[in-house]
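# A closer look at the structure
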Amino acid sequence: MRADMADPLTLFTSIGLSEQKAKETLKNDALCSALKDAIAQAQRVLGAAGVDKATGTLLYTMTSRLRDPKRLGFLTDHIAQRKICTELQLAAALEFVKSHPQDPINQQEFESLCGVGVVITPEQIEDKVEKVIKKHKDQLLLERYRFNMGLLMGEARGGLMWADGKMIKNEVDMQVLHLLGPKTEADLEKKTKVTFHTAQHSWELKIEGRSLMDELRGVALNFHKPGENYKTEGYVVTPKTMDLLKQHLEFTGGQIRTRFPPEPNGILHIGHAKAINFNFGYAKANDGICYLRYDDTNPEKEEEKYFTAIKDMVEWLGYKPYEITHASDNFQRLYDLAVDLIRRGHAYVCHQRGEELKGHNPPPSPWRERPVEESLVLFDRMRRGLFAEGEATVRMKIVMEDGKMDPVAYRIKYTAHHRTGDAWCIYPTYDYTHCLCDSIENITHSLCTKEFQARRSSYFWLCNALDVYCPVQWEYGRLNLTYTVVSKRKIIKLVEEGTVRDWDDPRLFTLTALRRRGFPSEAINNFCAKVGVTVAQATMEPHMLESCVRDVLNDHAPRAMAVLEPLKVTITNLPEGIRNDVRVPDFPANEFMGSHVVPFTRTIFIEQSDFREMMEKGYKRLTPDQPVGLRHAGYVISVQKVIKDAQGRVVELEVHCCSSNEAAEKPKAFIHWVSEPQKCEIRLYERLFLHKNPEDPSEVPGGFLSDINPNSLQVIDSALVDISVSKAKVFDKFQFERVGYFALDPDSTADKLVFNRTVTLKEDPGKM
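Residues numbered from 1 in each chain as written. Predicted model: local features only at pLDDT ≥ 70, side-chain atom pairs only at ≥ 80, totals over all residues. Heavy atoms only, no water.

For the protein chain, an unreviewed UniProt entry supplies the name glutamine--tRNA ligase and the organism Oncorhynchus mykiss. The annotation that UniProt attaches to the protein chain under Sequence similarities (unreviewed entry) is "Belongs to the class-I aminoacyl-tRNA synthetase family." Taken from UniProt, the Catalytic activity (unreviewed entry) comment for the protein chain reads in full: "tRNA(Gln) + L-glutamine + ATP = L-glutaminyl-tRNA(Gln) + AMP + diphosphate". (UniProt positions renumbered as here; feature names shortened; annotations may be inferred.)

Structure, rendered in structure tokens:
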């Protein structure tokens, strides 16, 4: 399809972009134009062969990342001529042209630094890994799985710069397993060092065999004791403070009280997991209580589904709220307190419009000194619906730490509330509601993220201005992850654009998405504990979370066998109709944890990649000249005949099998297999975004929607899985041997199971 004749949507889909990705590209004029030019040039080079999907993907990645348009033709030629044929080479090429802006480009230096023409074969990888493991064999046998496997990866990559990282990882895993065998109980014992921080100090705990979350919950942070609020730096003491604290202690009995106060206008994400763990965990550690309080003061954006989802996620993480409350429970009391605040001369009714209050230095209100009685009358009229929206607000007489003057306490919204209906047409703001609800619930420690530090003085001021009990606000750093967005507005945009299916799309980092992908709640809690409680904002890499997931799933996900790309194998020396039962341990490292039975018949299926027609150096699996063992079956198979289709593709093998005890020599490898399997759909997920910080304009000038990874989802609809998983329930988790960890998706039906890949078996070093 010629680039100058086809409509852009058809052109972009013809090179392998999804229709959704093509539509997104069309919205970015610069990217659209560059990609069309690149395709046209590639077509001139390739001629009748056209641009295939692999080339198209590289062209798209190149045009979306290229900063200097004058290098477009140069890089396009190298991609079309197959001189650049991997993502690794392309990344090096983009970095080279970025660091060499001057003409002319030194062709020899470019090709040398970008691996042009370098092809790394699987045999080279196997040979290199074999040498590295041989070098460290004694130490590996001594330390077993406590050995630093990263050292093996690093040395293997050292001589294979342009090799596929996943292939190296898989080869290291396979050869280590072959050397050491499955993990034993001793291998699985945890030895962990955890560091905890507060604004005042930090310390270390060395723990063995104990949950990281137990340590987080059990550590007493350097917070004030209940009733000793006045000892906290910055706390404002008034003549009534001590009496109010005495009443507070009489009511609470000195009990720790915290709260988790989400807004019910979106789904919780990984950052909220830290807040949940901190609020609930701190209370639990000190025999206290924690409320789940919905900050439902904005009826325009709140929906019942969010209330339900928030509660579900809190409970999924293992916490039970002492009580579920709502800011709206206190609407009448908050209104009465606002009347009192005006009466005391600390608030007034203002008529400045919202647009007048925007910016860094909005003009002061001309109504700031309006008489108290006049403001009381006007506030009552606001309450009775006698003003239009935006025509009047109640503002508090205080300058906040960030310089914001007289924040709004009440505004008019003619929107029905999900709980109070049309009873109110005025609603309190966060700045007004938050501290007063904390006071009403006798919260001892109001734990907030760092951005609320600018509101701490107003928090203390408002409670003291009304002579009510004043809790203490403590701040901690937010938890962020790279390669994702968590903003509600941006996730909604991703859903509306069709980039993701919904809030629970497994490529997102909402808690519902992580649960659907198969992340155990325990792993998320462990991750939060590893991050620790710090004042500084923490931005973590996804692979750290994935490592916590592997630790939990390795201990708790039963094993099964699945074949993603099946190759039929007929065992000719077994009679028709024979069916033997093979017992497979659920956890090979501890066979006392149970097992399951799978059938073994004359016909089995193996992975296509576990057979090669031509024997190649270093290849250890099945070839016409090399037998291979079948995991758990006790058999070794050797090829008798290779059957191909009309296009010359291998479609079936006829093999001979014998007991592994009878084999002439021990096979070099054991592969997984299935027999009488169940067909299933497998969804393989990668990062949703190409760059670490998709919201950073300096990294992604076209905006986060232009940074979508076109390969973030791969669907395999013809995979086969053994029958042991046929009774699985939604979210049940398994380790598919030699493949990865998977969880059953809610889209599954009685006729077809759907599995999401949670994480690979080992960390991909390319993601570090």
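Under the definition given, this model contains 25 aromatic pairs. Ring centres of F223 and Y282 lie 5.1 Å apart, and the angle between their planes is 75 degrees; on these two criteria the pair is classed as edge-to-face. In this pair, F223 sits in the loop between helix 13 (212-218) and helix 14 (241-252) while Y282 sits in helix 15 (residues 270-285), placing the two residues 59 residues apart along the sequence. The buried category is assigned to Y282, whose relative accessible area is 7%. Aromatic rings pair up to connect F331, Y335, F379, Y410, W424, Y427 and Y432 into one cluster. Over the face of the ring belonging to Y335 we find R383, whose NZ or CZ atom lies 6.0 Å from the ring centre. (Phe/Tyr/Trp six-rings, centres within 6.5 Å; stacked < 30°, edge-to-face > 60°. Helix = DSSP H or I, 4+ residues; strand = E, 2+ residues; numbered from the N terminus. Buried < 20%, exposed > 50% of the residue type's maximum accessible area, 1.4 Å probe, protein only. Lys NZ or Arg CZ within 6 Å of the ring centre and 35° of its normal.)

Next up on the list: the packing of helix 23 (residues 521-531) against helix 24 (residues 542-556). Running from N to C, helix 23 and helix 24 point in directions that differ by 135 degrees, and their axes come no closer than 8 Å. When the interaxial angle is binned, helix 23 and helix 24 end up oblique. For the element pair helix 23 and helix 24, the recorded crossing hand is right-handed. Judged by residue contacts, E522, A523, I524, N526, F527 and K530 of helix 23 engage M544, L545, C548, V549, D551, V552 and H556 from helix 24. Each residue belonging to the contact of helix 23 with helix 24 can be placed in one class, and the counts come to eight nonpolar, two polar and three charged. (Axes fitted to C-alpha atoms, helices over the stretch in contact; angles between N-to-C directions. Parallel < 35°, antiparallel > 145°, perpendicular 65-115°, else oblique. Left-handed = near helix turned anticlockwise from the far one by under 90°. Contact = heavy atoms within 4.5 Å. Nonpolar A, V, L, I, M, F, W, Y, C, P; charged D, E, K, R; others polar.)

Right, let's get into the side chain of R368. Mapping R368 onto the fold places it in the loop between strand 6 (347-350) and helix 18 (372-383). With residues near it in sequence (within four places) discarded, R368 still touches Y348, K397, I398, M405 and D406.

As a further point, take the sheet that holds strand 16 (residues 566-571). Read from one edge of the open sheet, six strands run 19-16-22-21-20-23, paired in mixed fashion. Bordering the open sheet on either side are strand 19 (603-607) and strand 23 (670-671), each of which pairs with just one other strand. Here strand 16 pairs with strand 19 via five bridges, running antiparallel. Among the inter-strand pairings, L567 is bridged to a residue of strand 19, identified as I606. (Pairing = 2+ DSSP bridges.)

Here we come to the UniProt feature "domain: tRNA synthetases class I (E and Q) anti-codon binding" (unreviewed entry) in the protein chain. Sites flagged by UniProt as "domain: tRNA synthetases class I (E and Q) anti-codon binding" (unreviewed entry) map to residues 670-745. Structurally, residues 670-745 is divided into 0% helix and 37% strand, and its ends, taken at the C-alpha atoms, are 29 Å apart.

Relative orientation of the contacting elements helix 3 (residues 29-46) and helix 4 (residues 53-65) amounts to 140 degrees, with a least axis distance of 9 Å. Compared by their axis directions, helix 3 and helix 4 come out oblique. Of the two elements, helix 3 crosses helix 4, and the hand of that crossing is right-handed. Each of L31, A34, L35, A38, I39 and A42 in helix 3 lies in contact with helix 4, whose residues at this interface are L59, Y60, M62, T63 and S64. Each residue belonging to the contact of helix 3 with helix 4 can be placed in one class, and the counts come to nine nonpolar, two polar and no charged.

Overall, the coordinates contain 50 salt bridges when judged by the stated rule. As a salt-bridge pair, R501 and D747 come within 2.7 Å of each other at their nearest N and O atoms. Linking R501 in the loop between helix 21 (488-496) and helix 22 (511-517) with D747 in the loop between strand 27 (740-744) and strand 28 (753-759), this pair joins segments that are 246 residues apart in sequence. Its salt-bridge partner being R757, residue E686 comes within 3.1 Å of it at the nearest N-O pair. With a gap of 71 residues between them, E686 in the loop between strand 24 (678-685) and strand 25 (713-721) and R757 in strand 28 connect regions that are remote in the sequence. R757 shares its class with E686; the two are buried. (Salt bridge = Lys/Arg side-chain N within 4 Å of Asp/Glu carboxyl O.)

Let us now look at the nonpolar core. Generally speaking, nonpolar side chains in soluble globular proteins are found buried as a group. Core analysis: the biggest nonpolar cluster contains 90 residues, and I270, F379, Y410, Y432 and I524 have the highest contact counts within it. Beyond its immediate sequence surroundings of up to four residues, Y432 is in contact with L334, L337, A338, L341, M396, A409, Y410 and L462. Residues L11, F12, L31 and C32 belong to the second largest nonpolar core, which totals 34 residues. (Core = buried A, V, L, I, M, F, W, Y, C linked by side-chain atoms within 4.5 Å.)

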